[in-house]
Amino acid sequence: MNEKRVLICCANGVATSTMVSMKCKKKFTEQGINAEIKTCTSNEIKSKAQSFKPDIIISNVGKNIVVPEGIPVVYGVNLLSGRGADETWAEILEVLKNQ
């Protein structure tokens, strides 16, 4: 599988995006997915997405963020709380495996 690009955003680009990034690294390693992961703020998301060209965006600020067309957005807060995390992981892995 080729390297995937994952962009994770939160309000300030520090705390929750970093936590989700760490969880993603662990999960992707377990699943044999090679991924480059970057984090950013919700204000930077459009420009970061245009330059980084991610396969998926994991948003901790909701799914109604403005991103370039065609990039799937998954709401990632469940990965922090654990509630509904299995469904969120399934959605993320499905997107990455089909890219």
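Calculation criteria
- All residue numbers refer to positions counted from 1 along the written sequence of the respective chain.
- Totals for whole chains, interfaces and linings use every residue, but because this is a predicted model, local features are given only for residues with pLDDT of at least 70 and side-chain atom pairs only at 80 or more, for both listing and counting.
- Side-chain descriptors were evaluated using all non-hydrogen atoms of the structure, hydrogens and water having been removed beforehand.
- In DSSP terms, a helix is any run of H or I states spanning at least four residues, a strand is any run of E spanning at least two, and both are numbered starting from the N terminus.
- Each residue is placed in one exposure class: buried if its accessible area under a 1.4 Å probe, protein chains only, is under 20% of its type's maximum, exposed if it is over 50%, and partly exposed if it falls in between.
- What qualifies as a polar contact is a pair of N or O atoms within 3.5 Å, subject to a donor-acceptor requirement within protein and to the restriction that residues adjacent in sequence count only when both atoms come from side chains.
- Residues are treated as being in contact if the distance between any of their heavy atoms lies within 4.5 Å.
- Given a helix with a known number of residues, its expected span is that number minus one, times 1.5 Å.
- Comment: arc refers to directions from the helix axis out to C-beta atoms.

Caption draft 1: View of the side chain of N60. With respect to the helices and strands, N60 occurs in the loop between strand 3 (56–59) and strand 4 (73–75). For N60, a relative accessible area of 10% puts it in the buried group. Here the side chain of N60 touches T16 through a polar contact of 3.5 Å, side chain to side chain. The contact partners of N60, leaving out residues within four places of it in the chain, are I8, C9, C10, T16, S17, V20, Y75, G76 and V77.

Caption draft 2: Structural detail: helix 4 (residues 85–97). Compared with the 18 Å implied by 1.5 Å per residue over 13 residues, the 18 Å span of helix 4 between its first and last C-alpha is a close match. Along helix 4, the residues that are buried comprise A85, T88, W89, I92, L93, V95 and L96. Seen from one end, helix 4 has its buried residues packed into an arc of 160 degrees, which puts them on one side. When the buried face of helix 4 is taken as reference, the exposed residues oriented beyond 90 degrees from it are D86 and E87. Against the buried residues of helix 4 lie strand 1 (4–10), helix 1 (15–31), strand 3, strand 4 and helix 3 (77–81).

Caption draft 3: Focus on the environment of L79. Residue placement: L79 occurs in helix 3. For L79 and N43, which are 36 residues apart along the polypeptide, the C-alpha to C-alpha distance reads 21 Å.

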